[in-house]
Amino acid sequence: RGLGDVYKRQLRASPPRRFQSWQRRSQRCCADGGAVVKLIAPRLVPRVWGGTRLAGLFPNAAPQEPSQVRIGEAWFGEIGDRRPLVKLLDVHDRLSVQVHPDNALAAELHGAGSLGKHEAWIILEAAPDAHLLLGRDPNVKPARVDVALEAGEDVAPLLARVAVSPGDVLDV
């Protein structure tokens, strides 16, 4: 059974394989009527490291002059919602280093019930020499990272380098 059967209409792709899923709506499906399928409109987020592919992928959500704006992320969901936030990234430049708290630190910093930030990454496309910097290199002592941060040094050489290729899934 295809999506056309679920929505009781013929779906057309334009260009091929790109369905018009950015229209927000709910539709009951399944024989028992119990499941709800929501097609979620992405929210395009400009980033200095972004590219132009997301505006082309989601033209109805794109800014008026997409070629003038570097779109780095398409968000499916919102921060603060208890459901997972899914982001599709179009990365064309080096990303900043991020530090995400676990649940214990989030509760300490923001109060009981606050959750840390857990991520899973799926690599859809990558250059042959692509890599991610994830965590501190195990050969680097934490104090060395502290000194680098206090001195305003580039910490990238102190981080663990992980080679990636299309199809890789990382639990970060």
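Residues numbered from 1 in each chain as written. Predicted model: local features only at pLDDT ≥ 70, side-chain atom pairs only at ≥ 80, totals over all residues. Heavy atoms only, no water.

Undergrad: Would you explain helix 3 (residues 103-110) in this entry?
TA: Residues three or four positions apart in an α-helix share a direction because the helix packs 3.6 residues into each turn. Its side-chain oxygen 3.3 Å from the backbone nitrogen of Ala104, Asp102 forms the N-cap of helix 3. Residue Gly111 follows helix 3 closely and has a positive phi angle near 105°. (Polar contact = N/O pair within 3.5 Å; in protein donor to acceptor, adjacent residues only side chain to side chain. Helix = DSSP H or I, 4+ residues; strand = E, 2+ residues; numbered from the N terminus.)

Undergrad: I'm lost on the pattern of salt bridges in this one. Help?
TA: One pass over the full model with this rule turns up seven salt bridges. Asp154 is the salt-bridge partner of Arg94, the closest N and O atoms lying 3.0 Å from each other. Residue Arg94 is located in the loop between strand 5 (86-89) and helix 3, and its partner Asp154 is located in the loop between helix 4 (142-151) and strand 8 (159-163); the two are separated by 60 residues in the primary sequence. In this structure, Glu153 and Arg144 form a salt bridge, with 2.9 Å as the shortest nitrogen-oxygen distance. A relative accessible area of 34% means that Arg144 is categorised as partly exposed. Each of Arg53, Asp90 and Glu125 takes part in one network of salt bridges that share partners. (Salt bridge = Lys/Arg side-chain N within 4 Å of Asp/Glu carboxyl O. Buried < 20%, exposed > 50% of the residue type's maximum accessible area, 1.4 Å probe, protein only.)

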